[in-house]
Each structure stands twice: as structure tokens, then as C-alpha cells.
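Working through the structure, step by step
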Amino acid sequence: MDTANEAQMQIRLVSKQKKYEVPDTAIVVPQQLQRYGLSEIVNHLLGHETPIPFDFLADGQFLRESIGSYLKEHGQSAENILTLEYVESMLPPTEISSYSHDDWISSVAAISTERFVVGSYDGVVRFWDAQNNCESELRGHSSAVKCVAAVAPGVAKKSRVEAVSGSQDRTAIAWGTKGGKRRALYAARGHTDTIEAVAINASSTHFVTASADSTLRFWSLAAPTQAEAEQAAAAPAAKRQRGGADVPGKAAIGTLSGHVGAVSSVCFDATNEAQVFSGGWDHSLRTWDVASGINVATSLCDAVVLGVAHSPVSRLVATGNADRCVRLWDPRASDGSVVSLRLSSHRGPVPSVAWAPGSAHLLASASHDSSVKIWDIRSRTPLYTVPPTRDADKAKKLLALDWHRSLLLAGGESGSLRIHSVNSQYGDVPAMSQS
């Protein structure tokens, strides 16, 4: 590379990935250098015969331009040494399987990398294994299933509950094994309109439901006591709820009221099980103390909140919104009502978001534009856009999304459950059936 007539500057290369560390002495490089040229330098310093692609961060943000352009944009001097952190680039997601359903997929939750539970508009809850075998088709709801949540396998053995589903029939049904057969264990009754979302806490002791009746309800995951069953049966709403008619009823521990209009999404605080976050059609993201039922914080948004997810690593809340944007919020900040970051790239509403397990930065979003996008929140542009590959999936809305270890699962209007392999650092990708 001829650098004699090029403007130059000093940079220092650092990495938090031990296997890629190089001496942090300053080196002189052309200011016109971009990501690919910087990758060449790092690979040369590491002595790699086969190059590895790297991304570079300046002041915590991805470098998507030349070094010189970055300095000019941020008003920095080329006389100072610029420190660049480099990380191994994430590989593109790879589609490894697709499972077909007879109707729209409303929701999906991975129990493990070997088993998934899917809710569908045909009113059926299905359990699938990693070889494209439908283990169970569970009928208990009298209308469309709108949401599902899964219990961790180790906990499920103790509680017998494997998953909870919510429906347009205004009930939430707990599913598990009884008498050697997977079946409905009980029906949670009390809501007066569609249950739009359900979340189970990390300890798998309680769950919370969000409803179009403008409330959230808090429930124990344990089997209902006789008193609970009698209370659920006596509730006025129960007379209009046909879902789970043949199983014991369960009453809520408490009701969380404050939203104006439908509550479309809910999740537990991944680091504090006494707290949940909810989003609704009133353009608000709310924080609740479930024990007291108090709405402890309210953040107002410019659009309807359709999906919500909390990261235990960054402790940020991500929301998917009707205005095609993904927003990030910091509930710990004194000005928590202010959006920390707005990510815009989708061409349709974003009903579902999911954080990458163990990552403070990686986030996925699913949209009505039929695509899944992978974001690193240190950049305002997506790392990857994952479009549908089958004609039957094109121009079809995506509604459901889950990110479990190395697997990213998405489904929606086409009835196809699209499964992608991501996060190459995981070595637990099962042998998926190609269909």
C-alpha cells in the first residue's frame, strides 16, 4: 500500500477477546482506512493464514466509515492517538429448518434447543422436536392462541408445567405431563378479553398475563388449590370463558391496572422477579411491582408498543413498535422516560423483539415486512436482515420471535416456523431436519 502521499494518523488496537489480543502499541495508518483494511492489519499482526473478519468500535460505536471521516464527523484531531476496539464479526444467520402449520403462528417459545412450543390461530398448541416431529397437538382453547411461554426443562420436572398459553377465549392454560400424557393441567380465568401476552419468571414459580381488557394479572404456576378452583369458577367472567372447560380453574393472585386500552406485551425483569414491564396500545411502557400491584414508572412512546424484552446483561428494555421502529429504554435512569436509542430499518410494524442470550448488545426483531433483523445496539444499522427464502413466506407478516442459545425462531402469517442458526460461539446446534 502506497501511503507516501496519504494523510496518516496513529491508532491503538485493543480487544476484549483474549485469543485475538495484539500488542497495544500505537501504529501509523492512512486516515482513509476502513473496516476491511483494519481487518487486514489485525489478521497480519495475529499471523492468520485464513483471515477472520473483524468489526471496529470507536468510543463504543461501530466504525462504518473511514477513520478520517469519523474524526471529521466527531470533531477530533488526527494528532491524537485513536483507540479502536475490535471484535470478531458475527456470521450471517443460516436457515436450518422450517416447520409447517395449518394456520398463522402467533407465538413461539423454545424449551431447549431440542424442543419448541408454538401457538397458532387454529387454537392448537403444538410441541415440536428438533427433527421436525410434532410431539403433541394440544386442544383446550376454544379460540385462537395468541401467546405461549415455556418453562425451563429442569423446573418442569418439579412443577409438571412445561408451557402456558393465552387465547382469545380469555383463558391461560398450563400444559404439562400427567398420567404419562401431555395435557391441560389447569386454566387461569379472570380476564374479560383476549390474553395478548404471557411471561414466566426465571424461577418458574409465577407467570403474568397481559390482556386486551387493559389489565395484567399475576398468577402462581403451582397447581390450583381447591379454594382457587372454586374462586375461579365463581368469577363472573368464567361463565363466558369456554377455554379449558374440562380442567380445574385457577384465580389470579393480583391484578395490575393502569393501562388505557389493550396491553399487548409483557416480560419479567430478568434480574428482579418482583418487577415486570408491559407495553400497550396507549403508547406506554410501564414498570410494575407485582407484589403491591403498583405502577412504579411509566414511559411514553410515540407509537403503540407491540413487543417488549428485557436484557439481564445490559438491563435495557427493548420494545417493538407499530411505527416500524425498535426502541431501547434504560429503566434504571432517572430520565427513564426518554428513549435511549431508536433503531429504524423495518418497513412494517415490529410485533416481537428478543435479546441474544448472554449478550449486552445483540438483539433481534421480527416485522410485518416478513423479515428478521439482527442488531448490535452499538450501531444504528442492522448487522443482518434475514428475508424469507420460500415463496410461501414472502410478503407474509411475522408475528412471533424467540432467541434461545444458538437458535433464532420466527413465525407468522404463512404458518411456517423459520429456524436459523446464529451465534457461532455455541456448539449445541442440534441436527435439524431440513424440510
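For the structure, check the block above.
Throughout what follows, the structure given in this document is the object of discussion. (Residues numbered from 1 in each chain as written. Predicted model: local features only at pLDDT ≥ 70, side-chain atom pairs only at ≥ 80, totals over all residues. Heavy atoms only, no water.)

Moving on to the sheet that holds strand 2 (residues 27–30). Read across the sheet, five strands follow the order 2-1-5-3-4 without closing on themselves; strand pairing throughout is mixed. With one partner strand each, in any of the chains shown, strand 2 and strand 4 (61–62) form the two edges of the open sheet. Here two bridges tie strand 3 (residues 54–58) to strand 4, and the two strands are oriented antiparallel to one another. Paired with Ala 58 across the strands is Gln 61, a residue of strand 4. The strands touched by helix 1 (residues 35–46) within the sheet are strand 1 (8–14), strand 2, strand 3 and strand 5 (82–88), with strand 3 carrying the most contacts at an inclination of about 110°. (Pairing = 2+ DSSP bridges. Helix = DSSP H or I, 4+ residues; strand = E, 2+ residues; numbered from the N terminus. Contact = heavy atoms within 4.5 Å. Axes fitted to C-alpha atoms, helices over the stretch in contact; angles between N-to-C directions.)

Before going further, it helps to spend a moment on the sheet that holds strand 31 (residues 384–386). Note on sheets: strands pair through backbone hydrogen bonds, and any given pair is parallel or antiparallel. The strand order across the open sheet formed by four strands is 28-29-30-31, and the pairing between neighbours is antiparallel. Whereas interior strands pair on both sides, the edge strands pair on one side only; in this sheet they are strand 28 (352–355) and strand 31. In this sheet, adjacent strand axes meet at a mean angle of 20° when their direction is disregarded.

Right, let's get into the pattern of salt bridges. Oppositely charged side chains can form a pair if their charged atoms are brought close together. In the structure shown here, the tally under the stated rule is 16 salt bridges. Of the charged contacts in the structure, one is a salt bridge between Arg 327 and Asp 323, with a shortest N-O distance of 2.6 Å. Judged by its relative accessible area of 2%, Arg 327 falls in the buried class. For the salt bridge of Lys 394 with Asp 391, the shortest nitrogen-to-oxygen distance reads 3.3 Å. Lys 394 gets classed as partly exposed once you look at its relative accessible area, which sits at 41%. Overlapping salt bridges bring together Arg 115, Glu 135, Glu 162 and Arg 182 as one network. (Salt bridge = Lys/Arg side-chain N within 4 Å of Asp/Glu carboxyl O. Buried < 20%, exposed > 50% of the residue type's maximum accessible area, 1.4 Å probe, protein only.)

The next thing to look at is the nonpolar core. Residues Ile 11, Phe 56, Ile 67 and Leu 84 are the most contacted members of the largest nonpolar core, which totals 20 residues. At the level of secondary structure, the elements contributing two or more residues to this core comprise strand 1, helix 1, strand 3, helix 2 (67–73) and strand 5. Excluding its chain neighbours within four sequence positions, the residues that come into contact with Leu 84 are Ile 11, Arg 12, Leu 13, Val 14, Leu 38, Phe 56, Leu 57, Ala 58 and Ile 67. (Core = buried A, V, L, I, M, F, W, Y, C linked by side-chain atoms within 4.5 Å.)

This part takes up the state of the cysteines. A full pass over the atoms with the stated rule returns zero disulfides. Between Cys 301, a cysteine without a disulfide, and Cys 325, which holds the nearest cysteine sulfur, the sulfur-to-sulfur distance is 8.5 Å. In this structure Cys 301 comes out as buried when scored by relative accessible area, which is 8%. (Disulfide = S-S within 2.5 Å.)

A separate point is the pairing of strand 27 (residues 341–344). Successive residues of a regular strand alternate their side chains across the two faces of the sheet. Side-chain alternation along strand 27 places Leu 341 and Leu 343 on a buried face and Arg 342 and Ser 344 on a face that remains uncovered. In this sheet, strand 27 lies alongside strand 26 (residues 325–329) in antiparallel orientation, the contact comprising four bridges. Counted as the bridge partner of Arg 327 is Arg 342 from strand 27.

What follows concerns the side chain of Ser 379. Relative to the helices and strands, Ser 379 is located in the loop between strand 30 (372–376) and strand 31. Residue classification places Ser 379 among the buried positions, given a relative accessible area of 5%. Within the structure, Ser 379 has its side chain in polar contact with the side chain of Thr 381 (distance 3.2 Å). Those residues in contact with Ser 379 that lie beyond four places of it in its chain are Gln 61, Phe 62, Arg 64 and Leu 343. (Polar contact = N/O pair within 3.5 Å; in protein donor to acceptor, adjacent residues only side chain to side chain.)

Taking 1.5 Å per residue as the helical rise, helix 1 with its 12 residues ought to reach 16 Å, and the 16 Å between its terminal C-alpha atoms agrees with that figure. Buried residues of helix 1: Gly 37, Leu 38, Ser 39, Val 42 and Asn 43, and no others. Contacts made by the buried residues of helix 1 are with strand 1, strand 3, helix 2 and strand 5. At the C-terminal side of helix 1, Gly 47 shows a positive phi close to 75°. (Expected span 1.5 Å × (residues − 1).)

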